[in-house]
Amino acid sequence: ESDVDALGALGFPRDWPSAYSKSAPLKSLIGKRGLLPARRVAVVGLPTADQLSKLPDMCKSSTCVPLHSFHNAERISKLAGLEIVRGWAIYERLDQPVGSVFVAERYWWNSLPGNGINSTWIDLSPRPTFWPQLLLIEEVEPKIKERKILPKKDAQLMARLIAQRFPEYRLPEPLPALDTKISGMPASKVNVTVKNEPDTQEIQTAKKQSGYVAGNERKGKPKTNQTSLDYSKFDHIEDSDDEKIVLKQAVTLPMGLPREAVSRQEYDNVWRALLQDKQLPFTPAPDLDEMWGYYKFGGMDEQALLDQACEVLGKFPCRLDPKEWKGKTYSLTRKLEMESREDEARMWSILAILRFPDADAFYNQGVLLNKMCDKVKFGGASTVKLPALETSQAKMVSTEQYCSLFSRAAISYYRRSLKVDPKQRPAYINLIGSLERNEPPNWYDDVHELAIAAVKNGIWYTKWQRPPHFVPTLPAKPFHNSQDFPLSRALEENFSVIKAEYEAYRQKLANRKDWDDSDTTPGLGDVGNRPGALHDGGLRKSGKWQEVPLFTNCTIQREYTDLFPETTRILQTQCSDATGLAFCGGGDVIFSVLTPGTRLRPHCGPSNARLTCHLAIRVPRSCEQGCYIRVGSESRRGWEEGKCLVFDDSFEHEVFFSEPRSDETYPGDRVVLLANFWHPNFGFKNDPDWRQKSDEMMATVDVETLPQTALMKSG
């Protein structure tokens, strides 16, 4: 369980099938005299249409559950009469050097009718989309599994593994046919690297450390019959009867050497060794090609990074006072982060963790991982380079896979930060934000458990209200009476004028000709694309969320407000609490447009120093018909055209606009004029220093660019 974060980087063995002849760790795991000798080995892809056509219909519709391969294989066997194959799934740790670390997971699957070893294996257990193939090995001596209720500890481990592999999956109700779960054996791991010509004593020591079991060394068991192995599936794999065990290679520390004396191999080895430290949660590999380039042609800062890494690996005592060392390290981390050299900044953060593992050091690593994730997520590319510690194994992956890897790593670092210091508000903010945006299994319960812990530590007052910028003296409730505010009364009184200008704008867009360059009417923007609103872009779960920005980013958006002259006049003369907040960088005034099928994830707004007003411009459906907002623990509420809905968005809230039914016409967009405005009891309205004066901890944070991205200064 302690390595569960690292298991997020598992995948199909790289360089297969030649990996078997090249990788001693893999051979010592599944080879003839390995820890898990195999009767048969095969690569099994997803079931083909032809294979599925041979199964009974009731078998195809049967529900298979992730991480329950025993149950799935038994169920398919019962429904289709297919033989159960018992063995192991073999994965490689993709965050480690190629061929160095493998993990075996107890696994069952089925076999289609055939001739013995030539029968076709079929695996119907769900697998992650990034695992189109599995390397499966059949046991020589299958073990009978004892049925038992899954212990709480194992159930929690299973939930975390499901969160890693199936972020969108929801655990189902207990299946009717089999009301017990089978607990699998713990995963096995072999981690051995190469050293030339070991002596006999070293070989025996390595065998004990690696779990290697030779045929004549098995106690109480006869030697495995090697002829039972089916190597035909390995496709020209070279093998030998004297599988040598290789030993851990010593790392040369090129500390204090001139750049021309340091080889690329020595440089890379330092970072490979450093990132394998067991104190660290799972950490994505940095781009060593880029780091090497900066080192070879850089200055004293790049030299200092390598030297400090060598000192940490060599376990040399810190030559500076801890406070001074932290200060210098933070300055370098911040400098690199500002230059968009996040990988080098992350390495300084790693050194800080290994030197002085305080909460801020873990938190800073999470921030940098989050920043790299968001940079890719909102960069627009469909694929991106995923670095590897073995640089030749770097590859292009989907943006979704990259972001999943980095967000999971960030979550692990935030959790470690809170374990060290449970009173650190920024770590709660970012951890909760990451869970809300990624929605892993049980994420909602996890968010509320974290919020309850934060309340116990005096950070917030209730689990429902958890804004990053928090003024504890302000009265709070989820919904407010719109008639209590001059702003909402003014908007309702001028509803017809505001709606007419919006309809005229949409009509102008509809009539615009693609070839007419003279028509410069700006279109609707996707929420999240505008500078300063990156956080909002991560709130959309499905559908489309667009905007017409009027007052945002501390300014008036003239290209839009010129199209809404009366609306702009009303806002400037009668809604100064909204425009004033916008000019102070604390909120927006926009037309918010949702298409049918849009869902905005549960989240909390950035500050309780403001409230939010929605003037309903167009509402195609009622609350009962699936167009509503939920705030806190209050009942759902819909919108009514021409009326204002006022709520405190620092409380958890979510928005739904359900998809149209197949038998109904397209309902059109839901449109509201959204205006954030000052809380009536806030004492620093329109003060440029309102953050600093009301919440010292978050004083320097731009609350419209959350998640929190400011690095914390240790010490």
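Higher on the page you've got the structure.
All of the points below concern the structure found in this document. (Residues numbered from 1 in each chain as written. Predicted model: local features only at pLDDT ≥ 70, side-chain atom pairs only at ≥ 80, totals over all residues. Heavy atoms only, no water.)

Once that is clear, we can look at the nonpolar core. One recurring pattern in soluble globular proteins: nonpolar side chains tend to sit buried together. Grouped together as the largest cluster of nonpolar side chains are 67 residues, with contacts concentrated most on Y267, W271, I350, L351, Y402, F406 and W460. Considering each element in turn, this core owes the most residues, 10 residues, to helix α14 (residues 399-420). Look past the residues within four positions of W460 in its chain and what remains in contact with it is R425, Y428, I429, I432, A454, V455, Q465, R466, P467 and F470. Judged by nonpolar contacts, the second largest core, of 33 residues, contains Y502, Y560, C613 and L673. (Core = buried A, V, L, I, M, F, W, Y, C linked by side-chain atoms within 4.5 Å. Buried < 20%, exposed > 50% of the residue type's maximum accessible area, 1.4 Å probe, protein only. Helix = DSSP H or I, 4+ residues; strand = E, 2+ residues; numbered from the N terminus. Contact = heavy atoms within 4.5 Å.)

Before going further, it helps to examine the state of the cysteines. All chains considered together, the criterion is met by 0 disulfides. Free of any disulfide, C554 has its nearest neighbouring cysteine sulfur in C584, separated by 7.5 Å. Cysteine C644 shares no disulfide, and the gap to the nearest cysteine sulfur, in C613, comes to 3.5 Å. For C644, a relative accessible area of 10% gives the class buried. (Disulfide = S-S within 2.5 Å.)

This brings us to the side chain of D358. With respect to the secondary-structure elements, D358 resides in the loop between α12 (342-355) and α13 (359-377). On the accessibility criterion, D358 (19% relative accessible area) is buried. At 3.0 Å, the side chain of D358 and the backbone nitrogen of A361 are in polar contact. (Polar contact = N/O pair within 3.5 Å; in protein donor to acceptor, adjacent residues only side chain to side chain.)

Strand order in the open sheet formed by 4 strands is β12-β16-β20-β18, with antiparallel pairing between adjacent strands. Each edge of the open sheet is held by one strand with a lone partner, namely β12 (540-542) and β18 (627-631). Here the strands of the sheet are splayed against their neighbours by 20 degrees on average, with no regard to which way each runs. (Pairing = 2+ DSSP bridges. Axes fitted to C-alpha atoms, helices over the stretch in contact; angles between N-to-C directions.)

On inspection of all chains with the given rule, the structure shows 25 aromatic pairs. Ring centres of Y363 and Y414 lie 5.8 Å apart, and the angle between their planes is 45 degrees; this geometry places the pair in the tilted category. With Y363 in helix α13 and Y414 in helix α14, this pair connects stretches of sequence that are 51 residues apart. Geometrically, the ring pair formed by Y502 and F591 is tilted, given 5.1 Å between the ring centres and 35 degrees between the ring planes. In this pair, Y502 sits in helix α18 (residues 495-511) while F591 sits in strand β15 (residues 589-594), placing the two residues 89 residues apart along the sequence. The residues Y502 and F591 share a single accessibility class, namely buried. The rings of Y267, W271, W292 and Y295 are connected pair by pair, giving a single aromatic cluster. The side chain of R670 reaches across the aromatic face of W639, ending 4.7 Å from its centre. (Phe/Tyr/Trp six-rings, centres within 6.5 Å; stacked < 30°, edge-to-face > 60°. Lys NZ or Arg CZ within 6 Å of the ring centre and 35° of its normal.)

This part is about α13. Here α13 contains 19 residues, and its C-alpha end-to-end distance of 27 Å stays within 8% of the 27 Å for a straight helix at 1.5 Å per residue. With 16 of 19 residues buried, α13 is to be regarded as a mostly interior element. (Expected span 1.5 Å × (residues − 1).)

Positioned with a positive phi, L67 is a non-glycine residue whose angle comes to about 65 degrees. One can find L67 in the loop between α4 (57-60) and α5 (69-80). Judged by its relative accessible area of 28%, L67 is partly exposed.

When two helices pack together, their arrangement is given by the angle between the helix axes and by the axis-to-axis distance. Two elements in contact, helix α8 (residues 264-274) and helix α10 (residues 300-313), have axes separated by 10 Å at closest approach and are oriented at 50 degrees. In terms of axis orientation, α8 runs oblique to α10. The chirality of how α8 crosses α10 is left-handed. Seen from α8, the contacting residues are Y267, V270, W271, A273 and L274; seen from α10, they are L305, L306, A309, C310, V312 and L313. Among the residues forming the contact of α8 with α10, the class breakdown is 11 nonpolar, no polar and no charged. (Parallel < 35°, antiparallel > 145°, perpendicular 65-115°, else oblique. Left-handed = near helix turned anticlockwise from the far one by under 90°. Nonpolar A, V, L, I, M, F, W, Y, C, P; charged D, E, K, R; others polar.)

Looking now at helix α11 (residues 322-338). Helix length check: α11 (17 residues) gives 24 Å between terminal C-alpha atoms against 24 Å at 1.5 Å per residue, within 8%. Taken together, the buried positions of α11 are occupied by W325, K326, G327, T329, Y330, L332, T333, L336 and E337. With a side-chain oxygen lying 3.0 Å from the backbone nitrogen of K323, the N-terminal cap of α11 falls on D321. Within two residues after α11, S340 carries a phi angle of roughly 60 degrees, on the positive side.

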